[in-house]
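# Working through the structure, step by step
Chain by chain, the residues:
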Amino acid sequence: MTAARRMRGFKRWMKCHGIECSDALLLSAENAAGADGAAEDSSQSLSISVKALCDLKEGDVVATIPKQSCLTVKTSAASDLIEEAELGGDLGLAVAIMFERSLGTKSKWFQYFQILPPFEPIPLLWSIPEIDSLLSGTELHKIIKEDKALVCQDWKDYIKPLLDSDSLELNPDFFTVDEYLAAKSLIASRSFQIDEYHGSGMVPLADLFNHKTAAEDVHFTSVSSSSESDTDTESENENENANDENSGDDEPVAPDFDSVTEGFSEGDLELSSTSENEPTFLEMIMIKDVNAGSEVFNTYGSLGNAALLHRYGFTEPDNPFDILNIDLDIVVQWSSSLFSRRHSRRRLSLWRKLNLSGSGSEDSDYFEISFNGEPELELLLLLYVILLPEEKIQELGLASSSTSEVKETPSFLSNKDPESRKKLLLTKSVCRALLSLADARESLYGRLNSLEEDVRLFNGCCHAVDSKLYHSLMLRISERRILEKLRSFASSGAGNFRKNSQTRTRKRAKRT
């Protein structure tokens, strides 16, 4: 089935289920493989975009979506099964998706599934060898392996028992571990939090607007049919889809649309709610003007490339929200290479007792390095405490087991201004420590490729041919560039230290 026919079927489905899409929006779709005459396979992914057919103004409502048209645990034909099995959250939604897919043309959401990809290419679906080779050293390497193990365990603990039940008569082909991973990928990249009653769910049409970091054009809201007040809901989606003014095309779409909606009446458009004041419709509202011909973007949040790849399966060049983490273990290993393990443990304990770890929690196991290469204040404080001479520790009374017995409040504690504090903490030894930590973090990528080699590989990589390599290289390059900036930050701090030290030396020489 061609992309155009699948889109026309979806538009008719929207109309039948009360989803209103503004005529000012053009939903266009093509086979993801491009214009190369790809096979007309209904399982083939579509590349979908939403464009403005005319100028759109801030405040324009461009879509209204009944909650009953959304695929949730509450609206699915598997709701009783899911409730009986006591499966909640994303686990329950995954079962709902797999069950509806198993119904084929009998599913209320059949035409919606026709425009969705079978799965999203997030790293969770990559093989272990691919994860190890492509993500080694990055923020995602350990996280994805842990996620994959947990998801597979969930399948064994909760999904497989459903198949073993003779009374349920589920089609095992649609409840395999691969199908569960595929459903999880759709939830991760496309689901929205709808409300307290429905929880999260798949929202047809709303999940078709593509993402652009820090450039949201349209906003997802929940509105009550009996109230003019709007309630914002948290969007957790991805987008791609289509709608145009030719939705009345008479070209037949297989299967016959009437057979898909057979058994559904107008009563099915009445919405479940927990109270009379419960919002019953979802809206897409323009939050800024968009010119005719321009694509209309949603945003998934201010996310760096690690988060984007983890959840949505893509990255963005020069992403201003990129960060890099340096694990506490790396700091402890560096400290233990210079001092005894006892020294490192005592200074780490002191750092926590003085509430210098931010939250004061012992669960603080990593430090963020910003897009500009600037380390968290907590990391600078830890390095400063580790490097503080023992005599200074004794002099201030910081060696005491009780911080209430501190003899003299040191300047790095008393100064509350973050910037002034950072300048105070950037001693020569702390800057050297930052350089060492940058090298240690860099070593996690292995010794085979330098940043320059990664850039060369990226420039020769085709996104359409090998998207996994493309996005993993983008992630690694963005992280390694932050490490370069961290080195520049540390070198600049050390330079300022040397400059200030030379100034003080000259002043002393003049006095003598």
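Source: prediction; values computed, not measured. Residue numbers here run from 1 along each chain, matching the order of that chain's written sequence. Predicted model: local features are reported for residues with pLDDT of at least 70 only, side-chain atom pairs are reported and counted for 80 or more only, and whole-chain, interface and lining totals are derived from all residues. The side-chain figures draw on all heavy atoms in the structure; neither hydrogens nor water molecules are used.

## Considering the overall build of the chain
Under the DSSP-based scheme used, a helix requires at least four consecutive residues in state H or I and a strand at least two consecutive residues in state E, with every element numbered from the N terminus. Looking only at helices and strands, one finds 18 helices and eleven strands in the chain. Only the protein chains shown count as cover for residues, with accessible areas throughout obtained via the Shrake-Rupley method and a probe of 1.4 Å. About 24800 Å² of surface is accessible on the chain, with carbon and sulfur atoms providing 47% of the total.

## Points about unusual backbone geometry
A positive phi angle is found at Glu86, which is not glycine, with a value near 60 degrees. Following the sequence through the fold, Glu86 ends up in the loop between α2 (79-84) and α3 (89-102). Only protein chains enter the calculation, and the probe is 1.4 Å; a residue is then buried if its accessible area is under 20% of its type maximum, exposed if over 50%, and partly exposed in between. Here Glu86 falls in the exposed class, since its relative accessible area comes to 72%.

## Description of the confidence of the model for the chain
In this model, the chain carries a mean pLDDT of 81, and residues with pLDDT of at least 70 account for 77%. The predictor rates its confidence in each residue with pLDDT, a number between 0 and 100. Every residue pair with non-hydrogen atoms within 4.5 Å of one another is taken to be in contact. Counting interchain partners and residues more than four positions distant, the pLDDT-below-50 stretch residues 34-40 has seven contacts. Note on residues 224-276: pLDDT under 50 across the span, and 148 contacts to partners over four residues away in sequence or across chains.

## What about helix α16 (residues 428-443)?
With 16 residues, α16 ought to run about 22 Å at 1.5 Å a step, and its terminal C-alpha atoms sit 23 Å apart, in line with that. By the burial criterion, the buried members of α16 are Val430, Cys431, Ala433, Leu434, Leu437, Ala438, Arg441 and Glu442. Expected span, for any helix, means 1.5 Å times one less than how many residues it has.

## Let's talk about the nonpolar core
By nonpolar core is meant a set of buried Ala, Val, Leu, Ile, Met, Phe, Trp, Tyr and Cys residues that side-chain atoms within 4.5 Å join together. Counting 66 residues, the largest nonpolar core has Leu56, Val95, Val203, Leu205 and Val296 as its most contacted members. Sequence-distant contacts of Val296, defined by excluding residues within four places in its chain, comprise Leu25, Val50, Lys51, Ala52, Leu56, Phe209, Asn210, Asp217, Val218, Met286 and Val290. Formed by 41 residues, the second largest nonpolar core is a distinct cluster that contains Leu328, Tyr384, Leu425 and Ile482.

## Description of the packing of aromatic side chains
Whether two aromatic rings pair depends on their centres lying within 6.5 Å, for rings of Phe, Tyr and Trp, where Trp uses its six-membered ring; planes under 30 degrees apart make the pair stacked, over 60 edge-to-face, and the rest tilted. By the definition in use, this model includes eight aromatic pairs. With 6.2 Å between their ring centres and 35 degrees between their planes, Phe10 and Tyr112 make a pair best called tilted. Separated by 102 residues along the polypeptide, Phe10 in helix α1 (residues 3-16) and Tyr112 in helix α4 (residues 110-115) bring together distant segments of the chain. The two residues Phe10 and Tyr112 agree in class, both being buried. Their ring planes at 35 degrees and their centres at 6.3 Å tell us that Tyr312 and Phe314 sit as a pair that is tilted.

## A few points about the pairing of strand β6 (residues 199-202)
The criterion for strand pairing is that DSSP finds at least two bridges linking the strands in question. In terms of strand pairing, strand β5 (residues 191-195) meets β6 through four bridges, oriented antiparallel. In the sheet register, Gln193 faces β6, and the bridge partner there is Ser200. Between the antiparallel neighbours β5 and β6 lie three residues.

## Digging into the packing of α3 against helix α7 (residues 177-190)
Under this scheme, a helix contributes an axis fitted over its contacting stretch, all axes are lines through C-alpha atoms, and angles between N-to-C directions fall in the 0 to 180 degree range. Where α3 meets α7, the closest approach of the two axes is 9 Å, and the angle between their N-to-C directions is 115 degrees. Taken together, the axes of α3 and α7 are roughly perpendicular relative to one another. The interaxial crossing formed by α3 with α7 has right-handed handedness. From α3, Asp90, Leu91, Leu93, Ala94, Ile97, Met98 and Arg101 reach across to α7, where they touch Glu179, Tyr180, Ala183, Lys184, Leu186 and Ile187. Each residue gets one label: Ala, Val, Leu, Ile, Met, Phe, Trp, Tyr, Cys and Pro are nonpolar, Asp, Glu, Lys and Arg are charged, and the others, such as Gly, are polar. When its residues are assigned to classes, the contact of α3 with α7 shows nine nonpolar, no polar and four charged. Angle categories: roughly parallel below 35 degrees, roughly antiparallel above 145, roughly perpendicular from 65 to 115, and oblique for all the rest. In this scheme the crossing of two helices becomes right-handed for a clockwise turn of the near helix relative to the far one and left-handed for an anticlockwise turn of less than a right angle.

## A word on the state of the cysteines
The disulfide criterion is simple: two cysteine sulfur atoms within 2.5 Å. In total, this model carries zero disulfides according to the counting rule given. The closest cysteine sulfur to the non-disulfide-bonded Cys462 is located on Cys461, 7.0 Å from its own sulfur.

## Some words on helix α9 (residues 305-312)
Every buried residue of α9 is accounted for by Asn305, Ala306, Leu308, Leu309 and Tyr312. Gly313 occupies a position one or two residues after α9 and carries a positive phi of about 85 degrees.

## Details of the side chain of Glu442
As for its placement among the helices and strands, Glu442 is situated in helix α16. What qualifies as a polar contact is a pair of N or O atoms within 3.5 Å, subject to a donor-acceptor requirement within protein and to the restriction that residues adjacent in sequence count only when both atoms come from side chains. At 3.3 Å, the side chain of Glu442 forms a polar contact with the side chain of Arg487. If sequence neighbours within four positions are ignored, Glu442 has contacts with Arg480, Leu483 and Arg487.

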